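# Residue-level structural notes
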Amino acid sequence: HTYYGTQGIKNFLNDLVKGKNRYEVCNPKILYWPVDNTGQAYSDYARLFPKSEKLVTHTKIIYAKFEDKYLFGVHWQRDIKNNNQPISRFQLDECERLSESELKDRLYQISPVKAQEFLN
């Protein structure tokens, strides 16, 4: 296996130390939510990237229960793409590890309406 890109060494070391099957027990999921420009997360994004804020239409949310935490990652996108592509262990390595309450808080920051629908 070849490890490409700027994360190649990091990915190799994670495979070496943690094993290639480190996320085998978790069942990662992807949510695609339309951008809620009233959400706190979008406000933070728009402040950091003012020129690209109008180009973003969706958020790709990766989450999975792993051990006693939740893996959580958010990617701002122009459209929904790679809908059927599996989530790689390298993507899961980049996710934050959150408690259940922190996960709920982050979902509400992205879109209060979609979070309420999802959590109920």
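You'll find the structure just up there.
Attention here is on the structure that accompanies the text. Treat the numbers as computed from the prediction; the structure is a model and nothing was measured.

Using the criterion set out here, one finds 6 aromatic pairs in the structure. Judged by centre distance (6.4 Å) and plane angle (70 degrees), the rings of Trp 33 and Phe 118 are edge-to-face. Taken together, the residues Trp 33 in strand S1 (residues 29-34) and Phe 118 in helix H5 (residues 112-119) connect sequence positions 85 residues apart. Among the residues examined, Trp 33 registers a relative accessible area of 4% and is labelled buried. Owing to a relative accessible area of 32%, Phe 118 belongs among the partly exposed residues under this scheme. Ring pairs connect the aromatic residues Tyr 42, Tyr 45, Phe 49 and Trp 76, which therefore count as one cluster.

With that settled, consider helix H4 (residues 100-110). Among all positions of H4, only Leu 103, Leu 107 and Ile 110 are buried. Viewed along the axis of H4, the buried residues span an arc of 60 degrees, placing them on a single side of the element. Lining the buried residues of H4 we find S1, helix H2 (40-48), strand S2 (58-66), strand S3 (69-77), strand S4 (96-98) and H5.

Read from one edge to the other, the open sheet built from 4 strands follows the order S1-S2-S3-S4, with strand pairing classed as antiparallel. With one partner strand each, in any of the chains shown, S1 and S4 form the two edges of the open sheet. Neighbour to neighbour, the strand axes of the sheet diverge by 30 degrees on average, direction disregarded. Two elements, S2 and S3, share 9 bridges in a ladder whose sense is antiparallel. Bridged to Lys 65 within S3 is Tyr 70.

Although it is not a glycine, Glu 67 sits at a positive phi angle of roughly 55 degrees. You can see Glu 67 is positioned in the loop between S2 and S3. For Glu 67, a relative accessible area of 65% corresponds to the exposed category.

About the criteria used
- Residues numbered from 1 in each chain as written.
- Predicted model: local features only at pLDDT ≥ 70, side-chain atom pairs only at ≥ 80, totals over all residues.
- Heavy atoms only, no water.
- Phe/Tyr/Trp six-rings, centres within 6.5 Å; stacked < 30°, edge-to-face > 60°.
- Helix = DSSP H or I, 4+ residues; strand = E, 2+ residues; numbered from the N terminus.
- Buried < 20%, exposed > 50% of the residue type's maximum accessible area, 1.4 Å probe, protein only.
- Arc of directions from axis to C-beta.
- Contact = heavy atoms within 4.5 Å.
- Pairing = 2+ DSSP bridges.
- Axes fitted to C-alpha atoms, helices over the stretch in contact; angles between N-to-C directions.

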